[in-house]
Amino acid sequence: MLAAATALERRGVDVVHLEIGQPGFPSPPHVVRAGVDAIETGKTKYSSPAGVASLKSAVAAYVSRTRGVPVDPAEVVVGPGAKPGLFFPTLALVNPGDEVIIPDPGFPTYRAMVEVAGGVAVPVPLRPDGASFDMDRLRRAFEETNPKMIVLNSPANPTGGVMPREDVEEVARLAARSDAWVMSDEIYARLVYDDDDDDDDDDDADDDASGVDRVRCASVFGIPGMRDRTVLVDGFSKTYCMTGWRLGWCVAPEALARKIELLVVHSVGCTATFTQEAGVAALEGPQDGVAEMLEAYRERRDFVVDALNAIEGVECPVPAGAFYAFPDVSSFGMSSKALADLLLEEGGVAVLPGTDFGENGEGKIRISYVGDMATLEEGMKRIADTLETLR
């Protein structure tokens, strides 16, 4: 979609980009300064494959605070982005023929990493609002298969849904009963709007001396008994607007972390030291920018959801996290792909078809509301005007 939009722009067509899941804010100044200082002081050599000691310690402390579970630095493996934290544990755990339950719609890398490992992806649909699995279908999947692993993503891409605590606890019970691993992709964990969880003391933000709040979404990582069968994946791209820095991590039981480190050694080798120094600054430095960004996203979310629901034939649930809206546009009688193409070619607005995220995304489109309000206002106007022509 980005390539198609860029091709139109080369022909002089003005395109509003609502397809990119990239934060619309710059990296924090103190993070940039730490990275520059690291380069200027010569921290440009090879580093330890699993991550420099300072960042591993900072991540361990950060996860301990934000998830409420003690973590040892030896359980942390750093990578160039969060994707190694998804791919490498999958390669370490999944053998050819092993079944892995994934959300559908869900981040496309989930299916890819399972198939690269020789496993069999078992897609399970989400409930209509995209907040969680269809739990009846999930229970059936556990009964009908022998899953080696289940992938959780909350808050979710593409829906922005946040799994209720009771569903996360049910996943934990199902996984424990089946002796399955859980991979919990929590890259959007700090981007949760507290609208629905204000009455849950466990989910509410809990300030401490570090200035970093407890995450507002339930994490399977913190459920008793799940620590030794869970891989937690997170990173810097979304929370700290560091997409181009390529920095993420996973936390896994130490024996598994050592195997993941071997995969790092023989693939990417290591992560840039100066990038990791910037990561330490992000985790240990001021957190005010995260809260300010979240409030800006809340305003943008409310505008986009209201604008979409004002269009006849469009139904858009309110996402509780991340920065995506996933409206239902099935009433227009077109496939998601055809509708997304129409919006780009006729309306000059780029969105992603729901089927980019799995078969169960049919009838939906994904809209990223990371842009400024002027961009979103123009994008919503173009969507409304283009869809009106189909009436």
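Quick caveat, the model's predicted, so the values are computed rather than measured.

K.L.:
Describe the overall build of the chain, naming the residues involved and giving the relevant values.
P.N.:
Secondary structure summary: the chain contains 12 helices and 12 strands in total. Over its C-alpha trace the chain gives a radius of gyration of 21 Å, about what one expects of a compact globule, namely 21 Å for 391 residues. In terms of principal-axis extent, the alpha carbons of the chain reach across some 60 × 55 × 45 Å. Within the span of the chain, comprising 391 residues, buried residues form 55% of the whole. Restricting the contact set of the chain to residue pairs at least 6 apart, pairs at least 24 apart contribute 73%. Accessible surface, the chain: about 16000 Å² in total, of which carbon and sulfur atoms supply 50%.

K.L.:
Please provide a residue-by-residue account of the sheet that holds strand β6 (residues 181-185), values included.
P.N.:
Strand order in the open sheet made by the seven strands is β2-β8-β7-β6-β5-β3-β4, with mixed pairing throughout. What marks the edges here is a single partner per strand, and that holds for β2 (76-79) and β4 (120-125). Between one strand and the next, the sheet's axes are offset by a mean angle of 20°, whatever the strand orientation. Inspection of the sheet shows β6 paired to strand β7 (residues 230-235) by four bridges, in the parallel sense. Looking at the pairing, V182 lines up with T230 of β7.

K.L.:
An account of the nonpolar core is needed here, citing residue identities and associated values.
P.N.:
Among the nonpolar cores identified, the biggest contains 62 residues, and L18, L308, V351, I367 and I383 are the most heavily contacted of them. With six residues, helix α10 (residues 288-309) is the single largest residue contributor to this core. When neighbours within four sequence positions are excluded, V351 is seen to be in contact with M1, L18, E19, A340, L343, I365, R366, I367 and I383. Counting 25 residues, the second largest nonpolar core, distinct from the first, contains A58, V71, F221 and W249.

K.L.:
Residues and numbers for the layout of surface pockets, please.
P.N.:
When its volume is computed, the largest pocket comes out at roughly 640 Å³. Lining the largest pocket we find 26 residues, and of these G21, K83, F107, N157 and K238 sit closest to its centre. Taken together, the residues of the lining of the largest pocket sort by class into 12 nonpolar, seven polar and seven charged.

K.L.:
Tell me about the side chain of D98, and name the residues and values.
P.N.:
Here D98 shows up in the loop between α4 (83-93) and β3 (99-104). With near-sequence residues (within four places) excluded, D98 lies in contact with L93, G119, V120 and K148.

K.L.:
Provide a residue-level description of empty space enclosed by the protein, including the pertinent values.
P.N.:
Using the criterion set out here, one finds three cavities of 30 Å³ or more in the structure. Approximately 90 Å³ is the volume found for the largest cavity. P103, L126, G130, A131, S132, F133, V151, L152, N153, A156, G161 and M163 together form the lining of the largest cavity. By residue number, the principal contributor to the lining of the largest cavity is strand β5 (residues 147-153), which donates three residues. Its residues assigned to classes, the lining of the largest cavity comprises eight nonpolar, four polar and no charged.

K.L.:
So what's going on with the packing of aromatic side chains? Residues and values would help.
P.N.:
Each pair of aromatic rings is reported with the distance of its centres and the angle of its planes. Under the definition given, this model contains nine aromatic pairs. Centroid distance Y62 to W249: 5.8 Å. Interplanar angle 85°. Geometry classified as edge-to-face. Linking Y62 in helix α3 (residues 53-67) with W249 in strand β8 (residues 248-251), this pair joins segments that are 187 residues apart in sequence. Of the two residues, Y62 and W249, both sit in the buried class. Connected via pairs of aromatic rings, a cluster forms that spans F25, Y188, Y297, F323 and Y324. The aromatic ring of Y193 is capped on one face by R301, whose charged end is 4.4 Å from the ring centroid.

K.L.:
Give a description of the sheet that holds strand β9 (residues 324-325) that names residues and reports values.
P.N.:
Strand order in the open sheet formed by three strands is β9-β12-β11, and the pairing between neighbours is antiparallel. Two strands bound the open sheet, and with one partner strand each, they are β9 and β11 (352-353). Summarising the sheet, β9 and strand β12 (residues 365-368) pair through two bridges and their orientation is antiparallel. Directly across from A325, in β12, lies its bridge partner I367.

K.L.:
Can you explain the packing of α3 against helix α9 (residues 273-284)? Please cite residues and give values.
P.N.:
α9 packs onto α3 with a crossing angle of 30° between their chain directions and a minimal axis gap of 9 Å. Considering their axes alone, α3 and α9 lie roughly parallel with respect to each other. Between α3 and α9 lies a crossing whose hand is left-handed. On the side of α3, the interface is formed by S54, L55, A58, V59, Y62 and R65, while α9 contributes Q276, E277, G279, V280, L283 and E284. Residue composition of the contact of α3 with α9, grouped by class: six nonpolar, three polar and three charged.

K.L.:
Which residues make up the environment of S57, and what values go with them?
P.N.:
With respect to the secondary-structure elements, S57 resides in helix α3. Along the sequence, S57 and V76 sit 19 residues apart, while their C-alpha atoms lie 8.4 Å from each other.

Cut-offs applied
- Residues numbered from 1 in each chain as written.
- Predicted model: local features only at pLDDT ≥ 70, side-chain atom pairs only at ≥ 80, totals over all residues.
- Heavy atoms only, no water.
- Helix = DSSP H or I, 4+ residues; strand = E, 2+ residues; numbered from the N terminus.
- Rg over C-alpha atoms; globule rule 2.2 N^0.38 Å.
- Buried < 20%, exposed > 50% of the residue type's maximum accessible area, 1.4 Å probe, protein only.
- Contact = heavy atoms within 4.5 Å.
- Areas by Shrake-Rupley, 256 points an atom, 1.4 Å probe, with all protein chains shown as cover.
- Pairing = 2+ DSSP bridges.
- Axes fitted to C-alpha atoms, helices over the stretch in contact; angles between N-to-C directions.
- Core = buried A, V, L, I, M, F, W, Y, C linked by side-chain atoms within 4.5 Å.
- 1 Å grid on protein atoms, 1.4 Å probe; cavity = no way out; pocket = protein on both sides within 12 Å on 5 of 7 lines; lining within 4 Å.
- Points joined across faces, edges and corners; volume = space filled by probe spheres on them.
- Nonpolar A, V, L, I, M, F, W, Y, C, P; charged D, E, K, R; others polar.
- Phe/Tyr/Trp six-rings, centres within 6.5 Å; stacked < 30°, edge-to-face > 60°.
- Lys NZ or Arg CZ within 6 Å of the ring centre and 35° of its normal.
- Parallel < 35°, antiparallel > 145°, perpendicular 65-115°, else oblique.
- Left-handed = near helix turned anticlockwise from the far one by under 90°.

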